[in-house]
Amino acid sequence: MREKRNIVYVVMPLVLCAGIIGGIFIGKFVEQRRISPAQEKFQTILDLIQTQYVDEINVDSLLEASIPDLLMSLDPHSAYIPASDLTQTNDELEGSFGGVGVSFQIINDTVNVIEVVSGGPAEKVGLLPGDKIIEAAGKQLSGNKVSNEDVFSTLRGKEGTEVKIKVKRSNSKNLLEFDVTRGEIPSNSVDASYMLSDSTGYIKVSKFARTTYSEFLNALKSLESKGAKNYIVDLRNNSGGYMDQAIYMANEFLPAGKMIVYTKGRTPENETIAVSDGNGGYQDADVTVLTNEFSASASEIFAGAMQDNDRGVVIGRRSFGKGLVQNQTELPDSSAIRLTVARYYTPSGRSIQKEYSRGRDGKYELDIVDRYNHGEFYSQDSIKFDQSKKFNTVGGRVVYGGGGIMPDLFVPEDTTGYTSYYIDAVNKGLIQKFCNQMAEKYRPHMKEKTIAAMNRIVPREDSLLNLFVDWAATQGLPARWYYINQSRDLLLNQIRAVLARDLIGYNAFIEILNEKDITVKKAQDILSTGKSKEMLKK
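The structure displayed is predicted, hence computed values, not measured ones. (Residues numbered from 1 in each chain as written. Predicted model: local features only at pLDDT ≥ 70, side-chain atom pairs only at ≥ 80, totals over all residues. Heavy atoms only, no water.)

K.L.:
Provide a residue-level description of the overall build of the protein, including the pertinent values.
P.N.:
Secondary structure summary: the protein contains 19 helices and 22 strands in total. Relative to the 2.2 N^0.38 estimate, which gives 24 Å for 538 residues, the radius of gyration of the protein is 25 Å and therefore close to what a compact globule would have. On the principal axes, the C-alpha backbone points of the protein span a range of 75 × 60 × 45 Å. Looking at the protein residue by residue over its 538 residues, the buried ones come to 51%. A fraction of 71% describes how many contacts in the protein between residues 6 or more apart in sequence connect residues 24 or more apart. Here the protein displays about 25,500 Å² of accessible surface, and carbon together with sulfur accounts for 50% of that area. Here the protein contributes 64 positive and 68 negative side-chain charges, whose respective centroids are spaced 4 Å apart. (Helix = DSSP H or I, 4+ residues; strand = E, 2+ residues; numbered from the N terminus. Rg over C-alpha atoms; globule rule 2.2 N^0.38 Å. Buried < 20%, exposed > 50% of the residue type's maximum accessible area, 1.4 Å probe, protein only. Contact = heavy atoms within 4.5 Å. Areas by Shrake-Rupley, 256 points an atom, 1.4 Å probe, with all protein chains shown as cover. Lys, Arg positive; Asp, Glu negative; His and termini not counted. Charge placed at Lys NZ, Arg CZ, Asp CG, Glu CD.)

K.L.:
Lay out the packing of helix 2 (residues 37-52) against helix 3 (residues 59-72) in plain terms, naming residues and giving numbers.
P.N.:
Between helix 2 and helix 3, the shortest axis-to-axis distance is 10 Å and the interhelical angle comes to 135°. The pairing of helix 2 with helix 3 is recorded here as oblique in orientation. Between helix 2 and helix 3 the crossing geometry is right-handed. Where helix 2 approaches helix 3, its residues Phe42, Leu46, Ile49 and Gln50 are matched on the opposing element by Val59, Leu62 and Leu63. (Axes fitted to C-alpha atoms, helices over the stretch in contact; angles between N-to-C directions. Parallel < 35°, antiparallel > 145°, perpendicular 65-115°, else oblique. Left-handed = near helix turned anticlockwise from the far one by under 90°.)

K.L.:
Run through unusual backbone geometry, naming residues and quoting values.
P.N.:
Positive phi is not limited to glycine here, since Asn237 has a value of about 65°. Tracing the backbone shows Asn237 in the loop between strand 13 (230-234) and helix 8 (243-251). One non-glycine residue, Ser334, lies in positive phi territory at about 75°. Topologically, Ser334 is positioned in the loop between strand 18 (324-330) and strand 19 (336-345). Given a relative accessible area of 36%, Ser334 falls into the partly exposed group.

K.L.:
Which residues make up empty space enclosed by the protein, and what values do they have?
P.N.:
Picture a little ball the size of a water molecule; that probe, rolled over the atoms, points out where space is still empty. Inspection of the entire model under this criterion finds 2 cavities of 30 Å³ or more. Approximately 70 Å³ is the volume found for the largest cavity. Around the largest cavity sit 10 residues that line it, and Val100, Val102, Phe152, Leu155 and Arg156 are the ones nearest its centre. Broken down by secondary-structure element, the contributors of at least two residues to the lining of the largest cavity are strand 3 (97-99), strand 4 (102-107) and helix 6 (148-155). Sort the elements by how many residues they give to the lining of the largest cavity and helix 6 lands first, with 3 residues. Partitioning the lining of the largest cavity into residue classes produces 7 nonpolar, 2 polar and 1 charged. (1 Å grid on protein atoms, 1.4 Å probe; cavity = no way out; pocket = protein on both sides within 12 Å on 5 of 7 lines; lining within 4 Å. Points joined across faces, edges and corners; volume = space filled by probe spheres on them. Nonpolar A, V, L, I, M, F, W, Y, C, P; charged D, E, K, R; others polar.)

K.L.:
Which residues make up helix 17 (residues 506-513), and what values do they have?
P.N.:
The complete set of buried residues in helix 17 reads Tyr506, Ala508, Phe509, Ile510 and Ile512. Where helix 17 is buried, its residues contact helix 5 (121-125), strand 11 (190-195), strand 12 (200-205), helix 13 (451-457) and helix 16 (488-503).

K.L.:
Before we move on, could you go through the nonpolar core and cite the residues and values that matter?
P.N.:
Note that soluble globular proteins tend to have their nonpolar side chains buried in a common cluster. Of all hydrophobic cores here, the largest spans 52 residues; its most connected members are Met454, Phe468 and Leu499. Top element by residues in this core is helix 16. It accounts for 9 residues. Among residues more than four places away in sequence, those in contact with Phe468 are Tyr421, Ala425, Leu430, Ile431, Phe434, Leu491 and Ile495. (Core = buried A, V, L, I, M, F, W, Y, C linked by side-chain atoms within 4.5 Å.)

K.L.:
Explain the confidence of the model for the protein residue by residue, including any values.
P.N.:
Atomic detail in the predicted coordinates should be set aside for any region of low pLDDT. This prediction gives the protein a mean pLDDT of 88; 90% of its residues lie at or above 70. Within the model, pLDDT remains below 50 along residues 1-5, and this stretch shows 14 contacts once partners closer than five positions in the same chain are excluded. Note that residues 8-31 has pLDDT below 50 and, in this model, 44 contacts with residues that lie over four places away or in other chains. (pLDDT = per-residue confidence, 0-100.)

K.L.:
Help me get a handle on helix 12 (residues 430-442), residues and values and all.
P.N.:
Helical geometry: 3.6 residues make up each α-helical turn, so side chains three or four residues apart lie on a common side. Spanning 13 residues, helix 12 covers 18 Å between terminal C-alpha atoms, matching the ideal 18 Å at 1.5 Å per step. Turning to helix 12, its buried residues are Leu430, Ile431, Gln432, Phe434, Cys435, Met438, Ala439 and Tyr442. Against helix 5, helix 11 (420-427), helix 13, helix 14 (461-474) and helix 16 lie the buried residues of helix 12. (Expected span 1.5 Å × (residues − 1).)

K.L.:
Give a description of the pattern of salt bridges that names residues and reports values.
P.N.:
Side chains bearing opposite charge may pair, as long as their charged atoms lie close to each other. If you walk through the whole model with that rule in mind, you get 28 salt bridges. Here Asp310 and Arg397 are joined by a salt bridge, their closest N and O atoms 2.7 Å apart. Of this pair, Asp310 sits in the loop between helix 9 (298-308) and strand 17 (313-316) while Arg397 sits in the loop between strand 20 (390-392) and strand 21 (398-400); the two residues are 87 residues apart in sequence, bridging distant segments of the chain. A relative accessible area of 16% places Asp310 in the buried class. Assessed through its relative accessible area of 10%, Arg397 is described here as buried. Linking Lys531 and Asp525 is a salt bridge whose minimum nitrogen-to-oxygen distance equals 3.5 Å. Classification of Lys531 by relative accessible area gives partly exposed; the value is 38%. Judged by its relative accessible area of 33%, Asp525 falls in the partly exposed class. (Salt bridge = Lys/Arg side-chain N within 4 Å of Asp/Glu carboxyl O.)

K.L.:
Explain the sheet that holds strand 13 residue by residue, including any values.
P.N.:
Spatial strand order, 11-12-13-16-17-22: 6 strands in an open sheet with mixed pairing. The strands lining the two open edges of the sheet, one partner per strand, are strand 11 and strand 22 (409-410). Bridging between strand 13 and strand 16 (residues 286-291) involves 5 bridges; their strand directions are parallel. Bridge pairing in strand 16 places Val233 opposite Val289. Strands strand 11 and strand 12 of the sheet are contacted by helix 17, whose axis makes an angle of about 60° with strand 11. (Pairing = 2+ DSSP bridges.)

Here it is as structure tokens:
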């Protein structure tokens, strides 16, 4: 791994230095002997409950229940992690673990799937981001009593055991059922890397975990050895993670002395800056960055550094808009809090944090739904910028703060081929189930794990589609050829991709999906024609 000592880098990523910060926090608390009138009133109330309330109450448990609401009243990303959840929560970024492979957040008493781990058990049976888990293993997971502990204890278990999950999906009136076999959840954060053409390499990064930079650098080197001279970095659906990994990645593409990100907080230790050291190995390569509404946090740091330095073209849709920095502090009872301690700013000086109100009004969580409802997924004209938050890139191009990274090239969501037949097939998990059966049949004939080898042994397109339609009919999805023909290309692309995943691996899955991905095609086009250089000029 390339040395990083010369980066002016003091940004504290999530979890880093937790012990030190905890010591500072506790020390300051002990030193503060005088309490405010409000704190004194709170203590008086606790004393009254403990001594005079009609029933005997465990005050500690009462406090434990109140801490999450206290932190949630600050901002959308400060959070309390009970001791029973801390190991599992950290595992998502630190390493592999056993379970079904979803990241979730409890919003308005409902378990919302935020991310489906690439290559994990849940992804294999068809769970999607945005699904709401209503029931798992026969246990109700909705209502005002559901907790993170309930969800963890229900979804995680011994590898090889099965859990039935019922979810509510926005485009389905009925609950959808999925049988998920628990397994080890892959910890890799670079999902795929391959050559799109003789000179263009593609890398998909699904999260910013502890090993992301080393995985990313290995992918760059591998593609470079195959002739890559320019790169597509796909950060769509990447919800973020460790800031330092995004900084190291950006440093690979920037000349010396370029701002990557800086943060501002109330204390000196949270006033930080990261500047490139000039040791990056890909400073002359053309680069594009793909984003969408689920690209957040560290993804936005990388995209913002490329955009504001006029170093790379951002393509896709407006990113999530998370510009707050959390530090994790472990408490004496082995629980922890993730407390927002700073805001980060892109090199042009903009904060990309979208608006939020203190408290639980629910609007922040519904922002993505609001974007969809007013047409932002399909039309760039529906996006209205706050003119008071106008900034300029190094070269003078206008960019805006206040709500995510707006791409340099907008690409609407592609719904070509979406029909009621296709939606039913996806919602019922029929593509995954069909491909699982097909993979069992053809796996013994795979002499080598390549897409070319798969194409030689599986049925041709028309035969493959007919096999799926006939099988789906036995599963309760009648053949409706008017809609099937409209969805033909989309169905075949996904069937082939899932077959490739099961027979070859996740890299092949992404490679085949990208054959029909208009955002990837746009990126490849501007790189191959040299348009990226023109777009980065004022």
